[in-house]
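Residue-level listing of the chains:
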Amino acid sequence: MEQKKNNLSRRNFVKGSSLAAGGILLTPSLLTASPIFNKAKKLKLAVVGCGGRGTGAVSQALKADENIELVAMADAFEDRLEKAYTSLTKMFQTKKLNVKPSHKFVGFGSYKKAIDAADVVILTTPPGFRPQHFEYAISQGKHVFMEKPVATDVAGIKKVLEAAKVAKAKKLNVVVGLQRHYQSSYVETYNRIQKGDIGQIVSGQVYWNGSGVWVRPREANQTEMEYQMRNWYYFNWICGDHILEQHIHNIDVANWFIGGYPIKATGTGGREVRKGKDHGHIFDHHVVEFEYENGAIISSQCRHQPGTKHRVDESFQGTLGTSYSHGGSSAILKKYDGTKIYTHDSENDVNPYQQEHNRLFKSIRNGEVISDAENGAKSTMTAIMGRMATYSGKEITWDKAMALDHKLVPDEDTLTFDSVPPVVPDDNGNYPVPVPGKTNFI
Amino acid sequence: MKLNYSLKLVTIICIIFYTKTGHTQNFENYSQALEGEKNSIEMIAVKGGDFLMGASKNDTSRGNDEKPQHEVSVDDFWIGKYEITWEQYDAFVFGEFGPEQFKSKDKLNTLGIDAVSGATPPYVDMSFNMGKETHPAVNMTQYAAIMYCKWLTSKTGVFYRLPTEAEWEYVCKKGKTDQASDFKDIAWYNETTNEKYEKTGLKTANNLGVHDLLGNVSEWVMDQYDADYYKSSQKNNPWNKPSELYPRVVRGGSWKDTKDKLCCTARGQSKQKWKRRDPQIPKSNWWHTNAPFVGFRVVRPKTQPSKEDIKTYWLTVIEDYGLN
């Protein structure tokens with residue numbers, strides 16, 4: 001709270017001192033205070049987490065605004081950072097790339113220095129570290145684009161919700177990478193459902209059934225921490241399991257269209273196919289039933305099993321009709337007699353990933369505020385609740401989950417590559433896989 | 001009697017042997033089996049010859065890139081009777097890639113192959129829930145389609161590749177595909193589909209026995225798209241070898257196109273925006289995220305080219321930084 005006071009008073013001071021303040025105008029919170037001069041102001045961008053998604057997000061940010069430059073990069077690994085930098089040099093002139101060697105920050109804790117150097121920050125590490133990065137960025141008065149999910153544990157969710165409040169108070173823009181909110185087919189569907197085109201939603205089915213993602217093999221001379229950081233997808237504390245990491249998109253659509261968050265969840269899951277030593281301890285399938293306050297029931301399925309039916313989409317049944325949405329192709333609203341109410345062809349829609357940044361920077365320039373963090377946190381929490389239900393095999397309510405003392409991720413500032421990770425393999429190299437009926441809410 | 005019987009047996013064995021090795025495949029339709037796979041790939045023999053490629057200058061309904069009409073000659077080849085289906089494509093995407101899966105190293109060497117690599121499995125459902133199994137595979141990049149051919153070659157020891165743009169048009173024209181009296185009988189297109197592709201082979205084949213050449217899904221060919229290429233292309237087996245990632249040629253139109261777009265001379269071109277929902281940089285070499293209307297079929301030249309010539313067909317990957 002002390003931090004917040006300081007920033008607010010500084011903003012007031014700068015606002016009062018007008019253009020003559022020159023260099024002080026770099027304070028991002030001022031941007032919201034004096035939109036007229038905004039176009040002239042060069043925005044400084046930093047990225048924390050330089051994988052393929054971080055690189056993609058930087059490229060979209062750099063395209064979203066004319067007067068912007070990337071000034072700092074941070075990643076746990078130097079090779080990932082350099083690969084991202086090389087890719088960006090192939091896409092952008094030096095005008096927009098201004099990352100001095102001294103502004104490439106590597107290792108645990110490197111996020112702070114990168115965030116300090118910028119007005120707008122992109123937070124695209126694996127999700128376990130997001131709460132700490134987000135909290136710091138907001139405390140320092142930065143606008144944020146952050147990827148989903150925004151946490152892997154309840155402690156992280158609470159941290160993000162708290163920082164979300166601070167961000168609103170400071171009028172900082174926060175865009176969360178739940179890009180369906182920035183995709184025309186979904187926005188149109190949402191608007192039509194709001195208008196009552198299919199009545200009130202009573203049930204739905206949401207899916208992310210696919211064959212899984214990459215596996216990074218263990219290499220000689222890696223510490224256990226480095227191995228887990230490289231092969232992060234398979235470790236709950238870093239990734240949150242695929243019910244968070246991917247399926248959050250579809251669960252979030254259910255929350256969005258219904259207009260609330262579930263009060264409880266039950267579910268089942270396990271690992272049937274993807275269960276080797278190189279697959280950490282996450283499940284390869286989860287099936288969850290979410291119940292909402294108005295009685296709506298959403299069935300959620302996610303699966304990482306090659307050779308099985310792939311399906312990534314959302315269907316809802318309302319009192320008057322149905323909706324079907326698919327990220328890649330279409331959205332269709334129908335009445336129960338089969339009559340089409342609305343069909344959306346997305347072929348010429350703006351890239352939703354680009355749209356996230358177009359909206360973010362427009363909002364910054366116009367002195368407006370986008371506040372995605374609270375929904376990002378609550379949709380992440382919905383997926384965590386689903387995971388708790390499948391790992392434990394027990395029913396879990398929202399209130400009970402939020403009241404848990406549930407912390408999977410250590411303080412990043414205390415970590416080194418020699419630290420012992422929160423989960424370690426047994427003598428045979430196997431990690432402890434959750435056992436429904438025995439495992440508690442983790 | 002006994003001798004006669006033995007002779008017959010030897011003859012049969014010889015036929016099996018020759019058919020398997022592929023080199024002496026009779027120039028007729030055949031079915032390419034894949035070891036360890038349920039499905040096989042039906043191939044139609046196409047006698048080469050001369051034809052007029054492109055649209056007549058008097059045909060005002062056709063685009064300038066389809067002109068000038070010019071004489072082209074193609075050699076004999078086989079072409080896939082159907083578009084490659086999901087079950088055929090997934091055998092590659094989700095297949096094993098150990099050396100035991102392929103012909104011997106020496107054999108692969110004669111086919112210009114040092115190594116075979118597989119596509120990254122997609123994160124999402126690339127069929128967009130429009131159907132798998134014998135529905136046509138879609139959303140693969142041209143590079144991925146070429147790597148499928150390389151994989152198929154490595155598995156069978158028989159050289160397969162994508163058709164050249166000229167070969168594709170030759171099959172379309174020679175089979176009188178767009179002269180069908182009612183297009184509804186031969187093609188799936190916007191006016192006749194339920195906003196999706198359909199299983200391969202449900203419509204009547206063209207006069208050569210090739211199905212779904214027009215409509216259903218557009219098909220990758222080997223060429224770089226160049227609107228002016230016809231002004232200078234060579235007569236014999238023309239191939240505009242790609243050097244840029246975009247645009248490359250697709251042919252035949254798809255379920256998304258209206259009937260008037262379906263034509264043997266119409267030239268489609270790939271676009272960067274076909275990867276616009278790929279959130280990563282560099283973007284995938286293997287998958288488009290917004291091309292659920294693009295697939296491919298394979299070709300086998302009657303005369304297997306030299307190792308050096310084959311190598312020119314295994315295009316090297318160009319990283320996609322999604323510049324636009």
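Residues numbered from 1 in each chain as written. Chains lettered and ligands numbered in written order. Predicted model: local features only at pLDDT ≥ 70, side-chain atom pairs only at ≥ 80, totals over all residues. Heavy atoms only, no water.

1. Section: the overall build of chain A
Working step 1: From N to C terminus, chain A includes 15 helices and 15 strands.
Working step 2: Here the C-alpha radius of gyration of chain A, 22 Å, is about what a compact globule of 442 residues would show, namely 22 Å.
Working step 3: Seen through its principal axes, chain A has C-alpha atoms that stretch 65 × 60 × 45 Å.
Working step 4: Across the 442 residues in chain A, those meeting the buried criterion constitute 60%.
Working step 5: Counting contacts in chain A only where the partners sit at least 6 residues apart, residues at least 24 apart contribute 73% of the total.
Working step 6: Total accessible area computed for chain A in this model is approximately 17100 Å², and 51% of it derives from carbon and sulfur atoms.
Working step 7: Counting 55 positive and 47 negative side-chain charges, chain A places the centres of these two groups 5 Å from one another. (Helix = DSSP H or I, 4+ residues; strand = E, 2+ residues; numbered from the N terminus. Rg over C-alpha atoms; globule rule 2.2 N^0.38 Å. Buried < 20%, exposed > 50% of the residue type's maximum accessible area, 1.4 Å probe, protein only. Contact = heavy atoms within 4.5 Å. Areas by Shrake-Rupley, 256 points an atom, 1.4 Å probe, with all protein chains shown as cover. Lys, Arg positive; Asp, Glu negative; His and termini not counted. Charge placed at Lys NZ, Arg CZ, Asp CG, Glu CD.)

2. Quick word on the interface of chain B and chain A
Working step 1: Across the boundary between the two partners, chain B contributes 24 residues, which contact 37 residues of chain A.
Working step 2: At the boundary of chain B with chain A, total buried surface from both sides reaches about 2700 Å², with 50% on carbon and sulfur atoms.
Working step 3: Per-residue buried area on chain B facing chain A is highest for B:Tyr123, B:Arg276 and B:Arg277; these three make up 24% of the total on that side.
Working step 4: Linking chain B with chain A are two salt bridges.
Working step 5: With a shortest N-O distance of 3.5 Å, B:Glu195 and A:Lys340 are connected by a salt bridge.
Working step 6: Between the two partners, chain B and chain A, sit 14 residue pairs in polar contact (both at pLDDT 80 or more).
Working step 7: Broken down by class, the residue content of the side of chain B that touches chain A amounts to 12 nonpolar, six polar and six charged. (Buried area = accessible area lost by both parts, 1.4 Å probe. Salt bridge = Lys/Arg side-chain N within 4 Å of Asp/Glu carboxyl O. Polar contact = N/O pair within 3.5 Å; in protein donor to acceptor, adjacent residues only side chain to side chain. Nonpolar A, V, L, I, M, F, W, Y, C, P; charged D, E, K, R; others polar.)

3. Looking at the nonpolar core
Nonpolar side chains tend toward joint burial in soluble globular proteins.
Working step 1: Formed by 71 residues in total, the largest nonpolar core has its most connected members in A:Phe134, A:Ile138, A:Val144, A:Met146 and A:Val174.
Working step 2: Leave out the neighbours within four places in its chain, and A:Val174 touches A:Phe134, A:Ile138, A:Val144, A:Met146, A:Ala167, A:Ile370, A:Ser371, A:Asp372 and A:Ala373.
Working step 3: Counting residues in each nonpolar core, the second largest holds 55 residues, with B:Phe102, B:Val158, B:Phe159 and B:Trp255 among its members. (Core = buried A, V, L, I, M, F, W, Y, C linked by side-chain atoms within 4.5 Å.)

4. Here's the deal with the state of the cysteines
All names here are of chain A.
Working step 1: The final tally for this structure, using the stated rule, is one disulfide over all chains.
Working step 2: Cysteine 239 supplies the cysteine sulfur nearest to cysteine 50, a cysteine that is in no disulfide, at a spacing of 19 Å.
Working step 3: Since its relative accessible area comes to 3%, cysteine 50 is described here as buried.
Working step 4: As a non-bridged cysteine, cysteine 302 has cysteine 239 as the owner of its nearest cysteine sulfur, 11 Å distant. (Disulfide = S-S within 2.5 Å.)

5. Some words on the confidence of the model for chain A
Working step 1: Per-residue pLDDT for chain A has a mean of 91; in total, 91% of the residues score no lower than 70.
Working step 2: For residues 1-37 of chain A, every residue scores under 50 in pLDDT, and the model assigns this stretch 42 contacts once sequence neighbours within four places are set aside. (pLDDT = per-residue confidence, 0-100.)

6. Points about the environment of B:Asp278
Residue and element names in this part refer to chain B.
Working step 1: On the secondary structure map, aspartate 278 appears in the loop between strand S8 (267-269) and strand S9 (294-295).
Working step 2: Sequence separation between aspartate 278 and lysine 155 is 123 residues, and the spatial gap between their C-alpha atoms is 31 Å.
Working step 3: In contact with aspartate 278, not counting residues within four places along its chain, are Lys283, Ser284 and Thr289.
Working step 4: Of note is the side chain of aspartate 278, whose polar atom sits 3.0 Å from the backbone nitrogen of glutamine 280.

7. Remarks on the side chain of A:His344
Working step 1: Tracing the backbone through its elements, the reader meets A:His344 in strand S14 (residues 340-345).
Working step 2: A distance of 2.6 Å separates a polar atom in the side chain of A:His344 from a polar atom in the side chain of A:Tyr342.

8. A look at the sheet that holds strand S8 (residues 264-270) of chain A
Sheets are built from strands that pair by backbone hydrogen bonding, the pairs being arranged parallel or antiparallel.
All names here are of chain A.
Working step 1: The sheet built from nine strands is open, its strands ordered S14-S13-S12-S11-S7-S10-S9-S8-S15 with mixed pairing. Of all strands in the sheet, those with a lone pairing partner are S14 and strand S15 (396-397), marking the two edges.
Working step 2: Bridging between strand S9 (residues 285-291) and strand S10 (residues 297-304) involves seven bridges; their strand directions are antiparallel. By the bridge assignment, valine 288 is partnered in S10 with serine 300.
Working step 3: Along the sheet face, helix H8 (residues 184-195) touches strand S7 (201-210), strand S11 (311-318), strand S12 (321-325), strand S13 (330-335) and S14 and points at about 160 degrees away from the line of S14.
Working step 4: The strands touched by helix H14 (residues 373-392) within the sheet are S8, S9 and S15, with S9 carrying the most contacts at an inclination of about 115 degrees. (Pairing = 2+ DSSP bridges. Axes fitted to C-alpha atoms, helices over the stretch in contact; angles between N-to-C directions.)

9. Structural notes on H14(A)
Residues and elements named next belong to chain A.
Working step 1: The end-to-end C-alpha separation of H14 is 28 Å, in line with the 28 Å expected for 20 residues at 1.5 Å each.
Working step 2: Within H14, 17 of the 20 residues are buried, leaving the element largely enclosed by the surrounding structure.
Working step 3: Taken from the residues just after H14, glycine 393 is the one with a positive phi, measuring 75 degrees. (Expected span 1.5 Å × (residues − 1).)

10. Side note on unusual backbone geometry
Working step 1: Cis rather than trans, the peptide bond between A:Lys148 and A:Pro149 has omega equal to -25 degrees.
Working step 2: Tracing the backbone shows A:Pro149 in the loop between strand S5 (143-146) and helix H7 (154-169).
Working step 3: In the segment running from B:Tyr246 into B:Pro247, the intervening peptide bond is cis, with an omega of -15 degrees.
Working step 4: Mapping B:Pro247 onto the fold places it in the loop between helix H6 (229-232) and strand S7 (248-251).
Working step 5: The backbone phi angle of B:Asp212 is positive, close to 60 degrees, even though this residue is not glycine.
Working step 6: Relative to the assigned elements, B:Asp212 resides in the loop between helix H5 (165-174) and strand S6 (218-224).
Working step 7: One non-glycine residue with positive phi stands out, namely B:Asn216, at about 60 degrees.
Working step 8: In this structure, B:Asn216 sits in the loop between H5 and S6.

11. Details of the packing of helix H6 (residues 130-139) of chain A against H7(A)
Residue and element names in this part refer to chain A.
Working step 1: It is the contact of H6 with H7, at a shortest axis distance of 9 Å, that shows an interaxial angle of 20 degrees. Relative to H7, the element H6 lies roughly parallel. The way H6 lies across H7 gives a crossing that is left-handed. In this structure, H6 contributes Pro131, Gln132, Phe134, Glu135 and Ile138 to the contact, and H7 contributes Gly156, Lys159, Val160, Ala163, Ala164, Val166 and Ala167.
Working step 2: Grouping the amino acids of the contact of H6 with H7 by side-chain chemistry returns eight nonpolar, two polar and two charged. (Parallel < 35°, antiparallel > 145°, perpendicular 65-115°, else oblique. Left-handed = near helix turned anticlockwise from the far one by under 90°.)

12. Here's the deal with H8(A)
Side chains three or four residues apart in an α-helix point the same way, a direct result of the helix having 3.6 residues per turn.
Residues and elements named next belong to chain A.
Working step 1: The terminal C-alpha atoms of H8 lie 16 Å apart, and with 12 residues this matches the ideal 16 Å at 1.5 Å per residue to within 8%.
Working step 2: Listing the buried residues of H8 in full gives Ser185, Tyr186, Thr189, Arg192 and Ile193. What you see down the axis of H8 is that its buried residues fit within an arc of 130 degrees, all on one side. Exposed residues lying more than 90 degrees from the buried face of H8 are Gln194 and Lys195.
Working step 3: Buried residues along H8 sit in contact with S7, helix H12 (248-258), S11, S12, S13 and S14.
Working step 4: Looking at the residues trailing H8, positive phi occurs at glycine 196, about 100 degrees. (Arc of directions from axis to C-beta.)

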